Each structure stands twice: as structure tokens, then as C-alpha cells.
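So the chains spell out like this:
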Amino acid sequence: MFAPKITDASLKAFTLKLGDKHPPIALGSADRTIHDPGAVRRRFAGTIDYLARVELEVDRNVLELLTLLPNVSEVDKIFYQDVWYDQEMAHGYLLDQLQVDLGMEPADPFMTVPLRMKLLGALAHWDPIHDISRMLYYLTGASTERQAVVAYSILIRELKLMGEDAIAETIIHPIKQQEPGHYTFYKMSAEKMMQDGDLQPWQLFVTRLLRSQAFTLVGVDYVKKYQQDLGGVLTELGMDQEMEVYAKEIGRLEAKLLWAKDKGMDFPPYFLKSLQESVDMYKGQGNFDAPVNNRFMI
């Protein structure tokens, strides 16, 4: 049975429905009861701080989007401006308040748009490069949302095991519920580009090259300290013990869309490489002075 064709109309309808179904979570809706703040802080301080920072970086994310996609489409604009932005900012406010409740410092978002993105944005005025940038945007968004869903799922489970049901059910769970819709938007958008043949073979080659040489995990932003911090998150959540399982979970879509010719590839190897580097850096086995990935830092 064939999947229905994705059209501009169906993608727009999905986006509008997503906004109606999931309004931003009100800060006052959270039950901020914490039975043992010290225990939660000891177990998950790094994870909560990292997630709060990433969620609060949406202002920079929008600037990056407008830089990379100067001719942003109507449906992309509806998604980031009318749906995604307010939802993500609400996530950040909830997590930042949780940090304060735990006796931690507020998050410190990274707000700089890298020069490499500005350079790619200048080239994106040429339509073929613009289409490559669009695919990179969708793939990055999809993998980011999958990473968030897995992290929030584990955090909910572990907080409940600690008896911290209030924050698990009224803060982390509502945030997690909104992330799959974002993933679906990026997935549908990337699949539509492939379905419509928007990328010529040379554009697919460049997309694969840039993705394989410039891939970073959520929140790393080519900053070595953030890569080390992410290794701490992976370790706190126990994902360092199942990195191949995790890499498959977050890299499956990309394997399907970009690397389908490589039969049997469950996930692109750069997913596992980035995970391993982050964990090694956190555990003191990696080279903290080495650059994050290499020359193709888009």
C-alpha cells in the first residue's frame, strides 16, 4: 500500500492542526512539587540544564533559519512562526523554572549565528543551494526532535522511579508530547522534497557530503564544551550503554532518505561517531582541544 502523496496543502493542514492541538504550555500549569531536590539535582542537573538551554535557543534558531533560507516557504514560516516558536519557548521557560526550583543557575543560551551559516546563507540566494539548505534544515530538525523525545522519555521514567511524579507528569511529559509533531513536520517536509525530485543527483551528493562532514548532535553547535556536556547528558540518562540503539532511533529517517542506496544501513555512521566522541570527551578519553567534526562546519 502506497503512502498518500504529500502536498503543500496537506503539509499546511497538518501544521495548522498541530498548532490548534498543542497550544504553548502555560508556566502556571506545572505542579512544581519536588520531594527531594538534592537527589534530582545530583542525578539530572546536567541533563535539565542542557535541555533548558537548547529549548531557550529558539531565537537564534529562527535567525539561523532566516539566514539559511532567505526565500523561506509559506508553510515553513507558518510552522516556525505560528507553532514551533511559542511551543519551544514555553518548554524553555518550564525547564528554566525547574532549574531555579532545584537550586540551580538559570540556563545560559548560546545566541551567536556562526559565520559559516552566514556564508551558506549568502550562497542560498542561488536556488540549487537554497534547496540543499532546506534539506539540511529538515534533516537537522528531524534528528533534533527524535533526540529530544528519547531524552524526555527516559527522564520521565527515571523521575517517576524516584517518586518525583509531579514534575515528571506536569513538566516533562507535556513537553515530550509536543515534540513528535515537530518531528513529523520535518519528516514530511524532507520526504516531500524527495518525493517531488527537488534535488538533482549533484545536490544529493553535496547534501550527503555536508551532512557526513558537518553533523553535530542537538545543542552542540560546534562548541567543544557543549559536546562534552552532551556526553554528560547521555551518561546521566544511561544512553552511553546503548549508543547503537540510540543512533538507530535518531538516524533512521536520514538513512532512508539520503543513504537508501547503501543497503542494510540502519543509521549513518556519523551519528554513532558523534555520540561516541561526546561520551569520550565527558569521560576524559577524548581530545578536548580537537575541533568538533572538521572543515565542513555548516
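Residues numbered from 1 in each chain as written. Predicted model: local features only at pLDDT ≥ 70, side-chain atom pairs only at ≥ 80, totals over all residues. Heavy atoms only, no water.

Is there a simple way to explain the overall build of the protein in this structure?
Each helix and strand counted, the protein has eleven helices and zero strands in total. Reading the secondary structure of the protein in the N-to-C direction produces α-α-α-α-α-α-α-α-α-α-α. Its C-alpha atoms give the protein a radius of gyration of 19 Å, within 12% of the compact-globule value 19 Å for 298 residues. Each principal axis of the C-alpha distribution contributes one length, and for the protein these read about 55 × 45 × 40 Å. For the protein, buried positions account for 53% of its 298 residues. (Helix = DSSP H or I, 4+ residues; strand = E, 2+ residues; numbered from the N terminus. Rg over C-alpha atoms; globule rule 2.2 N^0.38 Å. Buried < 20%, exposed > 50% of the residue type's maximum accessible area, 1.4 Å probe, protein only.)

How do you make sense of unusual backbone geometry when you look at a structure like this?
Residues other than glycine predominantly adopt negative phi, and peptide bonds predominantly adopt the trans conformation. The phi angle at aspartate 221 is positive, at roughly 55°, despite the residue not being glycine. Looking at the secondary structure, you find aspartate 221 in the loop between α8 (201-214) and α9 (224-236). In this structure aspartate 221 comes out as buried when scored by relative accessible area, which is 17%.

Explain helix α1 (residues 8-21) here, please?
Quick reminder: α-helices carry 3.6 residues per turn. Residues three or four places apart thus point the same way. Compared with an ideal rise of 1.5 Å per residue, which puts 14 residues at 20 Å, α1 spans 20 Å between its outermost C-alpha atoms and is within 8% of the ideal. Of the positions making up α1, those classed as buried are Leu11, Thr15 and Leu18. The buried side chains of α1 occupy one side of the element, clustering within an arc of 60° when seen end-on. Opposite its buried face, α1 presents the exposed residues Ala9, Lys17, Asp20 and Lys21, each directed more than 90 degrees away. Among the structural elements, α4 (74-101) and α7 (165-195) are those in contact with the buried residues of α1. (Expected span 1.5 Å × (residues − 1). Arc of directions from axis to C-beta. Contact = heavy atoms within 4.5 Å.)

Explain the nonpolar core here, please?
Grouped burial of nonpolar side chains is what soluble globular proteins tend to show. In terms of nonpolar packing, the biggest core is built from 87 residues, with Ile171 and Ile172 touching the most fellow members. At 16 residues, the largest contribution of residues to this core is made by helix α6 (residues 127-161). Apart from the residues lying within four places of it in its own chain, the contact partners of isoleucine 172 are Leu95, Leu98, Tyr152, Leu155, Ile156, Leu159 and Ile167. (Core = buried A, V, L, I, M, F, W, Y, C linked by side-chain atoms within 4.5 Å.)

It is not clear to me how the environment of isoleucine 78 should be interpreted in this structure. Could you clarify?
Inspection of the secondary structure assignment puts isoleucine 78 in helix α4. Separated by 59 residues in the primary sequence, isoleucine 78 and glycine 19 place their C-alpha atoms 9.5 Å from one another. Setting aside residues up to four positions removed in sequence, isoleucine 78 forms contacts with Lys12, Thr15, Leu16 and Val83.

Before we go on, may I ask you to explain the packing of α1 against α4 in this structure?
Packed helices, taken two at a time, are described by their axes: the angle between them and the distance between them. Running from amino to carboxyl end, α1 crosses α4 at an angle of 15°, the nearest separation of the two axes being 10 Å. The orientation of α1 relative to α4 falls into the category roughly parallel. Relative to α4, the crossing made by α1 is left-handed. Residues Leu11, Lys12, Thr15, Leu16, Leu18 and Gly19 of α1 form the contact with α4, whose participating residues are Glu74, Val75, Ile78, Phe79, Val83 and Gln87. Residues that form the contact of α1 with α4 fall into these classes: seven nonpolar, three polar and two charged. (Axes fitted to C-alpha atoms, helices over the stretch in contact; angles between N-to-C directions. Parallel < 35°, antiparallel > 145°, perpendicular 65-115°, else oblique. Left-handed = near helix turned anticlockwise from the far one by under 90°. Nonpolar A, V, L, I, M, F, W, Y, C, P; charged D, E, K, R; others polar.)

Can you help me understand the packing of aromatic side chains in this one?
Each aromatic ring pair is described using two quantities: the centre-to-centre distance and the angle formed by the ring planes. Applying the stated rule across the entire model yields eleven aromatic pairs. Here the aromatic residues Phe79, Tyr137, Tyr138, Phe185 and Tyr186 are joined through ring pairs into a cluster of three or more. A cation over an aromatic ring shows up here: arginine 53 above the ring of tyrosine 226, its NZ or CZ 3.6 Å from the ring centre. (Phe/Tyr/Trp six-rings, centres within 6.5 Å; stacked < 30°, edge-to-face > 60°. Lys NZ or Arg CZ within 6 Å of the ring centre and 35° of its normal.)

Sorry, what's going on with the environment of proline 106 here?
When you line up the elements, proline 106 lands in the loop between α4 and α5 (115-123). As a C-alpha pair, proline 106 and leucine 161 span 55 residues in sequence and 26 Å in three-dimensional space. Each residue touching proline 106, except ones within four places of it in the same chain, is listed here: Asp96 and Gln99.

I'm lost on the confidence of the model for the protein in this one. Help?
Predicted coordinates in areas of low pLDDT are best not read in detail. Model confidence for the protein is summarised by a mean pLDDT of 91, while 94% of its residues fall at 70 or above. The spread of mean pLDDT over the elements of the protein runs between α5, the lowest at 81, and α7, the highest at 98. Low confidence marks residues 288-298, where pLDDT is under 50. Its contacts with residues over four positions away, or in another chain, come to 35 contacts. (pLDDT = per-residue confidence, 0-100.)

Mind showing me how you'd approach the pattern of salt bridges here?
Tallied over the entire structure, the rule returns 21 salt bridges. Taking the shortest distance from any N to any O, the salt bridge between lysine 12 and glutamate 74 comes out at 3.1 Å. Here lysine 12, found in helix α1, pairs with glutamate 74, found in helix α4; they are 62 residues apart in sequence, far enough to count as distant. Residue arginine 60 is joined to aspartate 221 by a salt bridge in which the shortest nitrogen-to-oxygen separation is 2.9 Å. With arginine 60 in helix α3 (residues 58-68) and aspartate 221 in the loop between α8 and α9, this residue pair connects regions lying 161 residues apart in the sequence. Like aspartate 221, arginine 60 is buried. What emerges from the salt-bridge pattern is a single network uniting Arg53, Glu57, Arg60, Glu64 and Asp221. (Salt bridge = Lys/Arg side-chain N within 4 Å of Asp/Glu carboxyl O.)

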